[in-house]
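Residue strings, one per chain:
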Amino acid sequence: MSNQIVTSTPRSSRLLHPTPVRMMHWINALAIFIMIGSGWKIYNDDVLLGWLHFPDAVVIGKWAQHGLQWHFFGMWIFVLNGLAYLTYGIVTGRFRRKLFPVSLREILATANDALHFRLAHDDLTHYNAVQKILYLGVMAVGVLIVISGLALWKPVQFSELAALFGSFQTIRVVHFLCMTAIVSFLLVHISLALLVPRSLVAMITGGPALDNGAAPAVEPTR
Ligand code: HEM
């Protein structure tokens, strides 16, 4: 009888949210916080809606120019980190795996479940159609807010870009609407994170280890 030694190759696994994703997510949250607070300070100096002024308690910057300095500081973090996140998501296949495909039928069914408070969120490894649309949507708005911001900042240097929007006032309105969309996203996003604390813990610790069978080799394991 031969003594056969059976060696088992350890299956590699990776975390639900690998370290680069978590780092970029929280850097982005900090940058957005700076950009919104300082943007509100700049807005108060020349309001678009006569009835809307942001209270001093929620703005960043002692005066408008100070707010502008904070805004540019946050902008560099947001843009560089955002480019890194988009590149990472595309190159590693994370976006393809986690955010696609998304069908209209699935969106309607999930939205219906959400409206009837039946939305299942027990499987953290899978984004439902509403999450997919929210994440893709906020990324698109993130790109548009940077483009409109560039046109506001340097309307002469980026005159062709500015011309696409029409008037300077239109660019301001687009920039403001993008901010409103991001704030609305955050209200839903943070509420969901608090309603499902496991998802928040996973975005901090990395979450459960996943079988690498389903993952492309390029995404880091930790
Ligand atoms: C304090 C603020 C924030 C909290 C508490 C928070 C919380 C979370 C949590 C818990 C997840 C994992 C969701 C899940 O597994 O179901 C997540 C993912 C995500 N969050 Fe946030 N978030 C915050 C700010 C932001 C901001 C400012 C943005 C963008 C404007 C953002 C965009 C995203 C995106 C795109 C994902 C998916 C990431 C991926 O899987 O690649 N979050 N967030």
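Quick caveat: nothing in here was measured; it's all calculated off a predicted structure.

1. Some remarks on the overall build of the chain
In terms of helices and strands, the chain carries eight helices and two strands. Of the regular secondary structure in the chain, the N- to C-terminal order runs β-α-α-α-α-α-α-α-α-β. On C-alpha atoms alone, the chain measures out to a radius of gyration of 21 Å, which is more than a quarter above the 17 Å that the 2.2 N^0.38 rule sets for 222 residues. Counting only C-alpha atoms, the chain reaches 90 × 40 × 35 Å along its principal axes. Per element, the accessible surface of the chain, about 13800 Å² overall, is 70% carbon and sulfur. Across the chain, the mean location of the 16 positive side-chain charges is 7 Å away from that of the 10 negative side-chain charges.

2. Looking at a nonpolar patch on the surface
A grouping of W76, L80, L83 and W153 is seen on the molecular surface, where their side chains present a nonpolar patch of about 450 Å² in accessible area. When residues in the nonpolar patch are grouped by element, the largest group, three residues, is from helix α2 (residues 64–91). Counting through the fold element by element, L83 comes out in helix α2.

3. Regarding the coordination of the iron atom of the ligand
Coordination sphere of the iron atom of the ligand, protein contribution only: H25 (NE2) and H189 (NE2), at 2.0 Å. Around the iron atom of the ligand, the six donor atoms are arranged such that angles at the metal cover 83 to 180°; this shape is classified as octahedral. Taken together, the residues H25 in helix α1 (residues 19–45) and H189 in helix α7 (residues 168–195) connect sequence positions 164 residues apart.

4. With respect to the packing of aromatic side chains
Two aromatic rings are characterised by how far apart their centres lie and by the angle between their planes. Taken as a whole and assessed by the stated rule, the structure comprises eight aromatic pairs. For the ring pair W70 and F73, a centre distance of 5.9 Å and an interplane angle of 75° mean the geometry is edge-to-face. One end of the pair, W70, and the other, F73, are both in helix α2, three residues apart, so they sit about a helical turn from each other. For the ring pair F72 and W153, a centre distance of 5.0 Å and an interplane angle of 40° mean the geometry is tilted. With F72 in helix α2 and W153 in helix α5 (residues 129–153), this pair connects stretches of sequence that are 81 residues apart. W153 gets classed as partly exposed once you look at its relative accessible area, which sits at 36%. One aromatic cluster is present, built from ring pairs that chain together W40, Y43, F54 and F176.

5. Topic: the site of the ligand
Around the ligand there are 21 residues in total, and H25, Y85, R94, Y127 and H189 lie nearest to it. Y85 places a polar side-chain atom, nitrogen or oxygen, 2.7 Å from an oxygen atom of the ligand. Here a nitrogen atom of the ligand sits 2.6 Å away from a polar atom, N or O, in the side chain of H189. Sorting the residues of the shell around the ligand by element identifies α1, α5, α7 and α8 (197–205) as the ones contributing at least two each. Looking at side-chain class alone, the shell around the ligand contains 13 nonpolar, seven polar and one charged residues.

6. Things to note about the nonpolar core
Core analysis: the largest hydrophobic core is formed by 22 residues, its most contacted members being W40, F54, F78, I145 and M179. Of all the secondary-structure elements, those providing two or more residues to this core are α1, α2, α5, α6 (159–165) and α7. Apart from the residues within four sequence positions on either side, W40 is in contact with F54, V58, V59, M179 and V183. Counting residues in hydrophobic clusters, the runner-up holds six residues, among them L99, Y135, M139 and F185.

Parameters and conventions
- Residues numbered from 1 in each chain as written.
- Predicted model: local features only at pLDDT ≥ 70, side-chain atom pairs only at ≥ 80, totals over all residues.
- Heavy atoms only, no water.
- Helix = DSSP H or I, 4+ residues; strand = E, 2+ residues; numbered from the N terminus.
- Rg over C-alpha atoms; globule rule 2.2 N^0.38 Å.
- Areas by Shrake-Rupley, 256 points an atom, 1.4 Å probe, with all protein chains shown as cover.
- Lys, Arg positive; Asp, Glu negative; His and termini not counted.
- Charge placed at Lys NZ, Arg CZ, Asp CG, Glu CD.
- Patch = residues over 30% accessible without salt bridge, like charges linked within 9 Å, V, L, I, M, F, W, Y side chains within 5 Å.
- Salt bridge = Lys/Arg side-chain N within 4 Å of Asp/Glu carboxyl O.
- Donors = N, O, S within 2.8 Å, 3.2 Å for Na, K, Ca; no water.
- Tetrahedral: all angles 85-135°; square planar, octahedral: opposite > 155°, others 65-115°.
- Phe/Tyr/Trp six-rings, centres within 6.5 Å; stacked < 30°, edge-to-face > 60°.
- Buried < 20%, exposed > 50% of the residue type's maximum accessible area, 1.4 Å probe, protein only.
- Near = heavy atom within 4 Å.
- Polar contact = N/O pair within 3.5 Å; in protein donor to acceptor, adjacent residues only side chain to side chain.
- Nonpolar A, V, L, I, M, F, W, Y, C, P; charged D, E, K, R; others polar.
- Core = buried A, V, L, I, M, F, W, Y, C linked by side-chain atoms within 4.5 Å.
- Contact = heavy atoms within 4.5 Å.

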